[in-house]
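Observations on the model geometry
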Amino acid sequence: MSDSSCCNPFVFACITPHGGEVIPELAPDRVSLMATTRESMRALGQKMAEANPDVIIVVTPHGIRLDGFFAISDCERMTGEVDEGGPSVTLERQVCRTLARGIVDAAQARDLPVAAVNYATAAGPLSCLPLDWGAIVPLWFMPKTEIVVLSPSRTLSMEQHIAFGAALADAVHGYEGRVGLIASCDWAHAHAQDGPYGFNEAARQLDDEVIARVESGQLEDLAYFDADFIEAAKPDGIWQALILAGAIPPEERQVKLLSYEVPTYFGLLCAEVTPG
């Protein structure tokens, strides 16, 4: 196993949201709704394209979820659709199975619970998993590459998520290609009374604290939020951001906040994480 402390192997990384209406084709009559975020996503996509990755790893909260295990896509391809009650978009990508299996091996070497996930057949055209909106939305703005999709497990500890990020770096060190990393994160979901989760003042408080930690670059501090505080605010970004934090340690990263907004009931944040 490579020593991931010597230099960081990722060519570019970012924290992105995954609200469907960020994709302009899904909001033809409301293009101004998430305009700030959309421009930031285009900027992140350009940065990723300039970094020229062969593979993009996406960490999403809405993919295959296995209680007590980190789930790794190990199939031939992934395909999915997103709609917002009107127009829809579809996306299909090939999976880099070499890197996917390397991640599984690296996580097992660190005694982390991990599962490789496939469907139907071991290989070939039927070996296909669903691509969720947490992956589709950020990938819509990114260069077309092979992908590996990962999902965290909220039954595992925050510390295990950071450790899994370190395993991710181990695997990327052992991979011959160039790798980008996306932590797909929406933040507090309790910003509006008419939203599906209602209003809770903890939503603004948590998002303010997230912004402060992103601006300071101290992503590890997201692990210290109280469980009741998290439940009240209802973010879905903490676990993916902690995996990114473990993959790119503080001394090896520069974090730049591009934008934050709350156009509906949940917080949208874009940040670039430059390995260095």
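Reference entry: report on the structure contained in this document. (Residues numbered from 1 in each chain as written. Predicted model: local features only at pLDDT ≥ 70, side-chain atom pairs only at ≥ 80, totals over all residues. Heavy atoms only, no water.)

1. A closer look at the pairing of strand β11 (residues 268-275)
Along β11, 7 of the 8 residues are buried, which leaves the element largely enclosed by surrounding structure. Strand direction decides the pairing type here: strand β1 (residues 10-16) and β11, joined by 3 bridges, are antiparallel. Within the sheet, the bridge partner assigned to Ile-15 lies in β11 and is Ala-271. In the sheet, strand β10 (residues 253-261) pairs with β11 via 8 bridges, with the strands oriented antiparallel. Counted as the bridge partner of Tyr-260 is Leu-269 from β11. Between the antiparallel neighbours β10 and β11 lie 6 residues. (Buried < 20%, exposed > 50% of the residue type's maximum accessible area, 1.4 Å probe, protein only. Helix = DSSP H or I, 4+ residues; strand = E, 2+ residues; numbered from the N terminus. Pairing = 2+ DSSP bridges.)

2. Focus: the packing of helix α2 (residues 97-109) against helix α4 (residues 158-173)
Where α2 meets α4, the closest approach of the two axes is 8 Å, and the angle between their N-to-C directions is 130°. Judged by the angle between their axes, α2 and α4 are oblique. Between α2 and α4 the crossing geometry is right-handed. From α2, Leu-99, Gly-102, Ile-103, Ala-106 and Ala-107 reach across to α4, where they touch Phe-164, Ala-167, Leu-168, Asp-170, Ala-171 and Val-172. (Axes fitted to C-alpha atoms, helices over the stretch in contact; angles between N-to-C directions. Parallel < 35°, antiparallel > 145°, perpendicular 65-115°, else oblique. Left-handed = near helix turned anticlockwise from the far one by under 90°. Contact = heavy atoms within 4.5 Å.)

3. Details of the sheet that holds strand β4 (residues 77-83)
An order of β5-β4-β7 is seen for the 3 strands of this open sheet, with the pairing classed as mixed. Strands with a single pairing partner mark the edges of an open sheet, and in this sheet they are β5 (88-94) and β7 (128-130). Averaged over all pairs of adjacent strands, the angle between their axes in this sheet comes to 20°, without regard to strand direction. In terms of strand pairing, β4 meets β7 through 3 bridges, oriented parallel. Its bridge partner lying in β7, Met-78 is registered against Leu-129.

4. Focus on the packing of aromatic side chains
With the rule as written, the count across this model stands at 4 aromatic pairs. Between Tyr-265 and Phe-266, the aromatic rings sit 4.9 Å apart at their centres with planes inclined by 70°, giving edge-to-face as the arrangement. Note on Tyr-265: relative accessible area 24%, which makes it partly exposed. An aromatic cluster is present here, built from Tyr-197, Tyr-265 and Phe-266 joined pairwise through their rings. (Phe/Tyr/Trp six-rings, centres within 6.5 Å; stacked < 30°, edge-to-face > 60°.)

5. A closer look at the environment of Ala-122
Structurally, Ala-122 is set in the loop between β6 (114-117) and β7. You can call Ala-122 exposed: its relative accessible area is 62%. Ala-122 sits 10 residues away from Asp-132 along the chain, and the two C-alpha atoms are 21 Å apart. Beyond its immediate chain neighbours, meaning those up to four positions away, Ala-122 contacts Arg-97 and Ser-127.

6. Brief notes about the packing of α4 against helix α7 (residues 238-247)
At a minimum axis separation of 6 Å, α4 and α7 run at an interaxial angle of 45°. When the interaxial angle is binned, α4 and α7 end up oblique. Read as a crossing pair, α4 and α7 show a hand that is right-handed. In this structure, α4 uses Met-158, His-161, Ile-162, Phe-164, Gly-165, Ala-166, Leu-168 and Ala-169 to contact α7, whose residues at the interface are Ile-238, Trp-239, Leu-242, Ile-243, Gly-246 and Ala-247. Among the residues making up the contact of α4 with α7, the classes are represented as 11 nonpolar, 3 polar and no charged. (Nonpolar A, V, L, I, M, F, W, Y, C, P; charged D, E, K, R; others polar.)

7. Here we look at the environment of Gly-134
Note on placement: Gly-134 falls in helix α3 (residues 133-139). With 13 residues separating them along the chain, Gly-134 and Thr-121 place their C-alpha atoms 25 Å apart. Once you skip the residues sitting within four places of it in the chain, Gly-134 turns out to touch His-18, Val-58, Thr-60, His-62 and Ser-184.

8. Here's the deal with the nonpolar core
By size, the foremost hydrophobic cluster in this structure holds 62 residues, and its most contacted members are Phe-10, Ile-57, Leu-99, Ile-103, Val-148, Phe-164 and Leu-168. At 8 residues, α7 tops the list of elements feeding residues into this core. In this structure, Ala-135, Leu-139, Leu-268 and Cys-270 belong to the second largest nonpolar core, which totals 35 residues. (Core = buried A, V, L, I, M, F, W, Y, C linked by side-chain atoms within 4.5 Å.)

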